[in-house]
Structures are given as C-alpha cells and as structure tokens.
Amino acid sequence: MATSDVPAAQAPGTPAAMAISTRQRTSAIIASVLGWSLDLFDLFILLYVAPVVGQLFFPSTHPTWSLAAVYASFAVTLLMRPIGSAIFGHYADVYGRKGAMMVAIVGVGVATAAFGLLPTIHQVGAIAPVLFILLRLVQGVFVGGVVASTHTIGTESVPANWRGFMSGLVGGGGAGIGALLASFVFLVTSTLFPGEAFAQMGWRVMFFSGIFSSFLGWFIFRNLEESPFWKEAQKKKAQNKGQTTPLKQLFAGGYRNVLLVNLLITIGGGAGYYLTSGYMPTFLKLINQLPNTTSSFILMACSLSALVAAVLVGTLSDIIGRKKTFFIVGVLAIVLLPTFYLGMAKTSDLSTIVFYALSIAFIGNAGYAPVLIFLNERFPTAMRATGTGLSWNIGFAIGGMMPTFVSLASPTPADIPLSLSIFAVGVFALYLVGTLIVPETKGNFR
C-alpha cells in the first residue's frame, strides 16, 4: 500500500521546463553525468587499492580485519556526505546549482590527491591512520556537495519523458564512467608499478590522479548555465518573501516523513551497489585471486555493464513507473545475487568469472537507476537539491557500511561470498518494503 505524503504536484511541462535551448540541455546533461563520474572516480580509487592501503595504514594479523578497517574508512566518508549535502544543498537551492557543483568537485579531487602524500604507519606510527581518517572526513563533505547539484540540474533540464533515462544516465552512467576511469588508472598504474612496486609507490600515484578530476571538473562546469527550474523558483521566491530556508522546510511538517520513507529505498539501493560493484575489486583479488591486470579488464567490463543496466532500468521507469521498476529489480536481486556470488566463488574458469561479475554489476546498478528521479519528484524545486542530496547521501552512507560488516562477519576470505549473499538479500528486502510504502511519483515534478 502506498502512502501519499507529498503535496500535490503541478502539471508536468511547466514553462520553465520548455524554455531551454538544446545547447543548455546538452551542457546540463554532460555536467551531471561527468560531475558524478569524477566524484565516484575519486571514491573508487580507495576501493581499488584497499588491500594495499589496509596493510600500510591498518595492519592486522587477522586476514580480514585490515580490509574491514579500509572499508570502515570508506564508510566514514559516506557518513560525512549528509553534512556536505546540507551545506552545499542549501547553497544550491538558494544561490544556484552551478557554484555548488564547481566548489564541491574541485574539493573532492584535491582531497583525493592529498592521500598520496600521507605517511604510512611504518613511517610515523599511529598518527598515520588518524591522518587518513581525518582526510576521509574532509573528502566526505565535498562528496556530499557534489550530489546536491549533479542529481538535480540534469533532470531539471530535460523533457518529462526523459527523466527516468536521465536518472539512470547520471546515477549509473556516472558510476560506470567513474569506475571505468578508475579501472583504467589502476591498469596503467599496475603496469608501471608491478608487484611490490605498487605497494611502495603505485598506490600513491593512484591517489595523485585525483587532481585530474579537479581540473577537468572546473573546465566542464565553468560555462554551465543555471537550471531553468531554479531560475523560475527564484522569481517566485522574490514575489513571496519570508519563506523558510530549504533545511527548515525539509525537517518541518510532511517533508520530514518524506525524507524518512525515502531512506528505505536509498539504503537498499545504496547497499546493493556497494555490495556488488563496490566489493568487486576485493572479490576478484581475494576470492578469485586474479592478477591486477586481469582484474582491471574485468572491472572495466563491469563498468560498461553498470552503464547499460542503469540506462535501461531508468528508461523502464519512464514507461511503467518508478514503483513497478523498484519492485521488479528488488525481486530479481534477492533471487539472483546469492546464486551469482556463490557461483563466482566456486569457479576458476575465467569466462565464467567474467559472466558472474558482469551479472552482479548489472543487478547492483539497476537497483538505484530510478532512485535519483524518484527523489527529485518527491521535493519541489525550492528544496530539491537539499531534499534529494540528504535522502541520497544518508541512504548511501548507511548502505556504504555494508562492505565493512561483510568483512567483519567473515572469519576468513573464503566466508566472504556467503556473507555477501546474506547481506544482499537483507538490503533488497528492505528495498522491497520501501517499494510497497512509497507512492508512485512519475510526473510529480514541480
């Protein structure tokens, strides 16, 4: 049963949605997709070097505890994302999407590059992991800020019947491109620094590549025009002075309940992603024991699978609605993911491993493909960046903790596939509960 906890929306196709040039629309699409991809590229770097970083900053005699510590540091970044969304989302709603996006994406890249300068625990002792965690906190604030703009300006700049497609393109396309870039950098770095050289210097070069995303992001966004919906909202705001701030409006009245219900979907979708694509680099290294070069090619293929899944499923939500799409994906994930995890762990055949890896990536990225537009449709323009950013980042912060729990729940690497299966079933069950509660939002864009 769905609950209608959102004020009635205006009819789609508002004048603001129509008054946009092809050039402006194209720029907004590119900015949203690449902004999110560059953000995730910076985050993925840690996932690709997790086993090495674990021994350099969080060494342990237990086979999975240092790995769990690295994933915990990843989760710390995610926990700071809601704070970033509150800060940058407020700025994006009040002063515009463009400025918030530029500052946030440059900040993420600079913070990522700074990891390459950190001393290891073998060099300075206990201060090393402390510095590592502190820098992760800073990075998390900027990451949350990127979401507030990339997840709104693109969907606000396309026709109504493109919004599900745009949701998949930004969410999954951005993730796919980000992972593809990280895979490519990992491949190049592993080739330049083979074997022990990667543990000595290669991982630093991986982090240094984050500065590339800062320069590229600044170049892309500097000529971006503001969202037409935001411009229209500013005109209305000038006529209605005395309105509350987006944050106050979000936590007052019905919108607080909207936020809480949204989390059932975003936690499930976020956890599903981090348990699939997010854990894949570790799975290939520790379970299948593949060399870095082979893993890089598989991970690049998984990135393409993620892109295809997100765009297809996002488009499906334009045809049959967000709610039905969530339900179909949730059921398939509960049935198929355990089979794929356990099957991938048992085989040593490379072609079979590739099949399972592509299938896992497809399902994991399908889960959150319509989430972005679903969140956009839950909030009016005046608070869309704040509402979408907080809903997304709180959910994905909680979901991002799942790899840590998987590692802690696995006494040995051999236990990881079963743990992944159990956690995947649990999070997608939560996803289905949310699907039954939330209303259909297709067309509610105001």
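Residues numbered from 1 in each chain as written. Predicted model: local features only at pLDDT ≥ 70, side-chain atom pairs only at ≥ 80, totals over all residues. Heavy atoms only, no water.

Here's the deal with unusual backbone geometry
Peptide bonds are trans in most cases, and residues, glycine excluded, mostly fall at negative phi. Despite not being glycine, Gln-289 shows a phi value in the positive range, around 55°. Tracing the sequence through the fold places Gln-289 in the loop between helix 14 (280-287) and helix 15 (292-320). The class of Gln-289 is exposed, set by a relative accessible area of 64%. (Helix = DSSP H or I, 4+ residues; strand = E, 2+ residues; numbered from the N terminus. Buried < 20%, exposed > 50% of the residue type's maximum accessible area, 1.4 Å probe, protein only.)

Comments concerning the environment of Glu-232
Residue placement: Glu-232 occurs in helix 11 (residues 228-239). The exposure class assigned to Glu-232 is partly exposed, which follows from its relative accessible area of 28%.

A few points about the confidence of the model for the protein chain
Put simply, the protein chain has an average pLDDT of 84, and 92% of its residues get 70 or more. Element-level pLDDT for the protein chain is lowest in helix 1 (residues 15-18), with a mean of 44, against a maximum mean of 96 in helix 16 (residues 322-346). In the predicted structure, residues 1-18 sits below a pLDDT of 50 and forms 40 contacts with residues beyond four places in sequence or in another chain. (pLDDT = per-residue confidence, 0-100. Contact = heavy atoms within 4.5 Å.)

Points about the packing of helix 13 (residues 254-276) against helix 19 (residues 384-399)
Put simply, helix 13 and helix 19 touch, their axes get as near as 7 Å, and they point 45° apart. Between helix 13 and helix 19, the crossing angle belongs to the class labelled oblique. Read as a crossing pair, helix 13 and helix 19 show a hand that is right-handed. Along the contact surface, helix 13 presents Leu-259, Asn-262, Leu-263, Thr-266, Ile-267, Gly-269, Gly-270, Ala-271 and Tyr-274, while helix 19 presents Leu-390, Ser-391, Trp-392, Ile-394, Gly-395, Phe-396, Ile-398 and Gly-399. Of the residues that constitute the contact of helix 13 with helix 19, the class distribution is 10 nonpolar, 7 polar and no charged. (Axes fitted to C-alpha atoms, helices over the stretch in contact; angles between N-to-C directions. Parallel < 35°, antiparallel > 145°, perpendicular 65-115°, else oblique. Left-handed = near helix turned anticlockwise from the far one by under 90°. Nonpolar A, V, L, I, M, F, W, Y, C, P; charged D, E, K, R; others polar.)

A look at the side chain of Ser-190
Here Ser-190 shows up in helix 8 (residues 163-192). Among all residues touching Ser-190, those that are not within four sequence positions of it are Phe-198 and Asn-292.

So, the packing of aromatic side chains
Counted according to the given criterion, the structure contains 23 aromatic pairs. An angle of 75° between the planes, with centres 5.1 Å apart, marks the rings of Tyr-273 and Tyr-274 as edge-to-face. You can call Tyr-274 buried: its relative accessible area is 3%. Ring geometry for Tyr-368 versus Phe-396: centroids 6.1 Å apart, planes at 80°, classification edge-to-face. Placement of the pair is Tyr-368 in the loop between helix 17 (350-366) and helix 18 (371-376) and Phe-396 in helix 19, with a sequence separation of 28 residues. Taking relative accessible area as the criterion, Tyr-368 reaches 2% and is therefore assigned buried. Here the aromatic cluster, defined as three or more aromatic residues joined through ring pairs, consists of Trp-36, Tyr-273, Tyr-274, Tyr-368, Trp-392 and Phe-396. (Phe/Tyr/Trp six-rings, centres within 6.5 Å; stacked < 30°, edge-to-face > 60°.)

Details of helix 19
For helix 19, built from 16 residues, the straight-helix expectation of 22 Å at 1.5 Å per residue is met to within 8% by its first-to-last C-alpha distance of 22 Å. Counting buried residues in helix 19 gives 14 out of 16 residues, a clear majority hidden from the surface. (Expected span 1.5 Å × (residues − 1).)

A look at the pattern of salt bridges
Between side chains of opposite charge, a pair can form when the charged atoms approach closely. A complete count under the given rule lists 3 salt bridges for this structure. The salt bridge involving Arg-322 is made with Asp-318; its shortest N-O contact spans 3.1 Å. In this pair, the class of Arg-322 matches that of Asp-318, namely buried. Glu-377 is the salt-bridge partner of Arg-322, the closest N and O atoms lying 2.7 Å from each other. Taken together, the residues Arg-322 in helix 16 and Glu-377 in the loop between helix 18 and helix 19 connect sequence positions 55 residues apart. A cluster of three or more residues bridged by salt bridges with shared partners is formed by Asp-318, Arg-322 and Glu-377. (Salt bridge = Lys/Arg side-chain N within 4 Å of Asp/Glu carboxyl O.)

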